[in-house]
Amino acid sequence: MVEAEPGRTPRGNSNDHLRRHNLSTILRLVHHERAISRSRLTQVMGLNRSTIGALVAELVDRDLVTESEAEATRQVGRPSLVVRPSSGPVGIAVNPEIDAITIGVVGLGGTVLAATRHPLSHIPTAVDAVAIIAGLLDDLRPSLTTAHRIVGVGVAVPGQVRASDGLVRLAPHLGWRDEPFAALLQEATALPVFADNDAHLGARAESAFGGGRGVGDLLYINGGASGIGGGVIANGRPLTGADGYAGELGHTMVNPSGAACHCGGVGCLETEVRRERLLELVGLDAGAAASLAEAFAASDDPAVGAEVDRQLGLLAVAIRNAVNLLNPRLILLGGFLAALHSAAPQRLADFGADRPLAASGESLQIRPAALGPDLLMIGAAELAFEPLLADPASF
Ligand SMILES: [Zn+2]
């Protein structure tokens, strides 16, 4: 059986608590599997068929799952019923960036139903961003049917976010410092709002629905316009650290004689491994960053080859440190880091002279992230869905 969420206090008597716990376990399984047979639920949960039937019926009554006959198979006997997420509950996903705010509607099962990028002419203050998001949400509401229920809002922030209350401690490229962003947006929208670092949410999305499914220990490293971030899943759970700031791989030192970083350090990974330098060398503008991998493949310019090799070597230093510290089974690379890796996949696989201790790296795989442009929408919606998944009976 899956353990109860830490910090949850049982309510009611122990039978009631057990029922709520089982409802949560089933809803999480249906959410992550997107379709699961009743017989499989019976197996996984170790409960008898009638108990599973009653629990699923309660989730159907609450419009959280649906049940349907499986396709006919050649197996003897009645086909097992298949349980899927209901399309009723939706989470709102938001990603404020320096040049745009993206807002999406995501269903259970990590299904992105709609996503809109709202371009900005200036870097938004936190107060600007709250007003814009509230307006975008108002525009979006008519497209939702009466069957849809918004369970909450999840915000993917390019910066450090305090886990306890969604306070943005520092989003350097947005220029936000100690902004109570989740509280402000909650006040403006009258919806529950949760916020976390964007790379943390990328790790959660890849772990639940992307390249990290079924992998208990993984590291997601994202490279974007505003730098490099990391998210760690350890033993199946997001690694937050004491206050929510774990995973800042972008500010680990990879070059002692490198450039000064805004964090006060020198030679940080994100000051040395930079998207702009690569775009400039291959002659692409920021809007065409998705074509970096093709540009590397097509280029025979030795300057491009040398810079790619230099950046991969420095990324390997950071990866070596992370592997020695975390012993992940899988490292998923997002954004321009995936393009960099594709230019010479063996470079990171070998680690060259920067090899970690052999045992720490022996089961390691390094791959591009799988979810593409929907990644942050899916990750942010995971935040919005969490209270529902933790206790479906309270919804
Ligand atoms: Zn730094």
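Rules used throughout
- Residues numbered from 1 in each chain as written.
- Predicted model: local features only at pLDDT ≥ 70, side-chain atom pairs only at ≥ 80, totals over all residues.
- Heavy atoms only, no water.
- Helix = DSSP H or I, 4+ residues; strand = E, 2+ residues; numbered from the N terminus.
- Rg over C-alpha atoms; globule rule 2.2 N^0.38 Å.
- Buried < 20%, exposed > 50% of the residue type's maximum accessible area, 1.4 Å probe, protein only.
- Contact = heavy atoms within 4.5 Å.
- Core = buried A, V, L, I, M, F, W, Y, C linked by side-chain atoms within 4.5 Å.
- Donors = N, O, S within 2.8 Å, 3.2 Å for Na, K, Ca; no water.
- Tetrahedral: all angles 85-135°; square planar, octahedral: opposite > 155°, others 65-115°.
- Arc of directions from axis to C-beta.
- Expected span 1.5 Å × (residues − 1).
- Pairing = 2+ DSSP bridges.

With an unreviewed UniProt entry as reference, the chain is termed ROK family transcriptional regulator, source organism Lacisediminihabitans changchengi.

1. Quick notes on the overall build of the chain
Helix and strand counts for the chain stand at 14 helices and 16 strands. Over its C-alpha atoms the chain spans a radius of gyration of 22 Å, differing by no more than 12% from the 21 Å that the globule rule assigns to 395 residues. The principal-axis extents of the C-alpha atoms in the chain amount to approximately 65 × 50 × 40 Å. Per-residue burial over the chain gives 48% buried out of 395 residues. Relative to all contacts within the chain whose residues are 6 or more apart in sequence, the contacts with residues 24 or more apart total 63%.

2. Re the nonpolar core
Ile26, Leu41 and Phe385 are the most contacted members of the largest nonpolar core, which totals 43 residues. When residues of this core are traced back to their parent elements, those giving at least two are helix H1 (14–33), helix H2 (38–45), helix H3 (49–61), strand S7 (149–157), helix H6 (198–209), strand S12 (218–224), strand S15 (330–335) and helix H14 (375–390). With ten residues, the top contributor of residues to this core is H14. Once residues within four sequence positions are removed from consideration, Phe385 is found in contact with His31, Pro89, Val90, Gly91, Val106, Gly107, Leu108 and Val151.

3. Some points on the coordination of the zinc ion
Within the protein, His251 (ND1), Cys261 (SG), Cys263 (SG) and Cys268 (SG) serve as the donor atoms for the zinc ion, at 2.0 to 2.4 Å. Viewed at the metal, the four donor atoms of the zinc ion are separated by angles of 105 to 121°, and the geometry they form is tetrahedral.

4. Some thoughts on helix H8 (residues 275–282)
Each α-helix turn comprises 3.6 residues. Residues three or four places apart therefore point the same way. Those residues of H8 not exposed but buried are Arg275, Leu278 and Leu279. Burial along H8 is one-sided: seen end-on, the buried residues are contained in an arc of 100°. Looking at the packing, one finds that the buried side of H8 touches S12, helix H9 (292–298), helix H10 (302–326) and helix H11 (336–343). Among the residues trailing H8, Gly283 stands out with phi positive, at a value near 75°.

5. What about H1?
Its 20 residues give H1 an end-to-end C-alpha distance of 28 Å, which sits within 8% of 28 Å, the value for a rise of 1.5 Å per residue. Those residues of H1 that sit buried are Arg20, His21, Asn22, Leu23, Ser24, Thr25, Ile26, Leu27, Arg28, Leu29, Val30 and His31. Just beyond H1, the residue with positive phi is Arg34, at close to 70°.

6. A closer look at the sheet that holds strand S14 (residues 237–238)
With mixed pairing, the five strands of this open sheet are ordered in space as S14-S13-S12-S15-S16. Two strands close off the open sheet at either side, each with one partner strand: S14 and strand S16 (365–368). Judged from the four bridges that link them, S15 and S16 form a sheet pairing that is parallel. The residue bridging Leu333 from the neighbouring strand is Pro368, located in S16.

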